[in-house]
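Commentary on secondary and tertiary structure
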Amino acid sequence: MTGAPSPAGKGSEGRRRRRMAAGWGWGWGRALLPPAALLVLAPLVLAPDPYGEDCKTKMYPPSGPTFKGNVPTYVINLDLPPSKRWDELMRDKKTELKTVVQNIKDIANTFFPSGKIVDIVDHKISHLTETLPYPFNEELQGIANSSGVPLGEIVIFNIFYEIFTVCTSIVAEDKTGKLYHARNLDFGLFLGWDVKNNSWTLTRELKPTVVNLDFQRNNKTVFRSTNFAGYIGMVSGVKPDLFTLTMNERFSLDGGYVGIFEWFLGRRDGMWMGFLTRAVLENATSYQDAKDKLAKTRLLAPAYFILGGKNSGEGCVITRSRTAALDIWDLDIKKGTWYVLETNYDRWKPPLILDNRRTPAMKCLNQTTQENISLPTIYDVLSTKPVLNKLTVCTTLMEVYNGHTETYLRECPDPCSPW
């Protein structure tokens, strides 16, 4: 079955996953639903997606109502002291960063009107920065100094990306063995709906903070990434001529909240997802080295790591719990798997009924065919609703050769799915 997910694992675990894929539960467990509930849910399952549309074509080069603009590029000089590396970027983007942080504070005050949560962030969490590994602790302090945003709020701004990132990532191989990696970065779920403008407030305010970064040492590129100004982890990146990498959130009961809470309480044997991807992009020496580090490092939050290499067959989705790799789904051209695709659900389970980006994305990739796959045609896939939705901040396209990266801000015109 071309490019399609198949149940993973053998023995009892494999049988469990196959039962889940066959419909035992709704991707959240194995509880059986009463007949009355099935009658209510059946129309939702069988009805066509009200926000769906035919697969888009010829959307590249970006233009029109779904294109919001290009993204500036900054150099991050790794030869500088960590506290000074982000100064230039913060000088240009501190106003936009303050707007986003204020939005997060407003949301917190809505739920906790006393203001105690913000007070704790400003006066307590900043001290926990000292527990973060070098150089991340010093970089966060430097961003706070150069932006004028309190250190505790900078830390919280970085924590948010561990638990609120909802994305679509694709690695595909064409008939010549060339690899392509792309993603829609969706962010801001449940973080302030603007009824007047029919949009997520935080998603809209994040767009001016999106930047392309060129991390250099000795005036040579070590890796490139697409980031939010003020965030020091990595959600998308390429190490030229070695590998490409994106990170997607994985919804789990043993999720990011648990790991972050443990970190607050003093258990700090897990690594922040964004710090791990940053360390891998900076230090891994090959596709296999990156794969091993992403699969084996203990994490604060469960995640999906989507990795592409430079040789035929080098592409995978690593499904992670906080402690182990649960599944590694590799490209396998001989068996017809010429792409791997990840949204925010385990591939052996059906996606949430109200958030099925996987099926339309696979449909469009299969319609494209391996013969016609390229960065422009993958951009078409990522431009098709509901893969493109109200949470979509930007689309990033990457090729490992020479570390090629393109990033475009996006807009989803109505009618459009909220996620």
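See the structure above.
I will try to describe carefully the structure that is included in this document. All values derive from a computational prediction rather than experimental measurement.

Points about the packing of helix 9 (residues 273–283) against helix 10 (residues 287–296)
Helix 10 packs onto helix 9 with a crossing angle of 160 degrees between their chain directions and a minimal axis gap of 10 Å. Compared by their axis directions, helix 9 and helix 10 come out roughly antiparallel. Where helix 9 crosses over helix 10, the two elements pack in a sense that is right-handed. Contacts between helix 9 and helix 10 involve Leu276, Thr277, Val280 and Asn283 from the first element and Asp289, Ala290, Lys293 and Leu294 from the second. Here the residues of the contact of helix 9 with helix 10 sort into four nonpolar, two polar and two charged.

A word on the packing of aromatic side chains
Per the stated rule, a full pass over the model turns up eleven aromatic pairs. Ring plane angle 70 degrees and centroid distance 6.1 Å describe the contact between Phe67 and Tyr408, whose orientation is recorded as edge-to-face. On the criterion of sequence distance, the pair formed by Phe67 in strand 1 (residues 67–70) and Tyr408 in strand 16 (residues 404–410) is long-range, its members being 341 residues apart. Taking relative accessible area as the criterion, Tyr408 reaches 11% and is therefore assigned buried.

A few points about the packing of helix 5 (residues 136–147) against helix 6 (residues 151–159)
Interhelical geometry of helix 5 versus helix 6 gives an angle of 120 degrees and a closest axis separation of 9 Å. Comparing the axis directions of helix 5 and helix 6 gives the class oblique. Judged by the twist between their axes, the crossing of helix 5 over helix 6 is right-handed. Residues Leu140, Gln141, Ile143, Ala144 and Ser147 of helix 5 pack against Leu151, Ile154, Val155 and Asn158 of helix 6. Residues that form the contact of helix 5 with helix 6 fall into these classes: six nonpolar, three polar and no charged.

What to know about the pattern of salt bridges
By the definition in use, this model includes 19 salt bridges. The partner of Arg204 in a salt bridge is Asp194, and the shortest N-O contact between them spans 3.3 Å. With Arg204 in helix 7 (residues 201–206) and Asp194 in strand 5 (residues 193–194), this pair connects stretches of sequence that are ten residues apart. We classify Arg204 as partly exposed; its relative accessible area is 34%. In this structure, the salt-bridge partner of Glu282 is Arg217, at a minimum N-O distance of 2.8 Å. Taken together, the residues Glu282 in helix 9 and Arg217 in strand 7 (residues 210–217) connect sequence positions 65 residues apart. Accessibility expressed as a relative area gives 17% for Glu282, which makes it buried. Look at Arg217 and you get partly exposed, because its relative accessible area is 32%. The network of salt bridges with shared partners includes Arg85, Glu139, Arg217, Arg278 and Glu282.

Rules behind the numbers
- Residues numbered from 1 in each chain as written.
- Predicted model: local features only at pLDDT ≥ 70, side-chain atom pairs only at ≥ 80, totals over all residues.
- Heavy atoms only, no water.
- Axes fitted to C-alpha atoms, helices over the stretch in contact; angles between N-to-C directions.
- Helix = DSSP H or I, 4+ residues; strand = E, 2+ residues; numbered from the N terminus.
- Parallel < 35°, antiparallel > 145°, perpendicular 65-115°, else oblique.
- Left-handed = near helix turned anticlockwise from the far one by under 90°.
- Contact = heavy atoms within 4.5 Å.
- Nonpolar A, V, L, I, M, F, W, Y, C, P; charged D, E, K, R; others polar.
- Phe/Tyr/Trp six-rings, centres within 6.5 Å; stacked < 30°, edge-to-face > 60°.
- Buried < 20%, exposed > 50% of the residue type's maximum accessible area, 1.4 Å probe, protein only.
- Salt bridge = Lys/Arg side-chain N within 4 Å of Asp/Glu carboxyl O.

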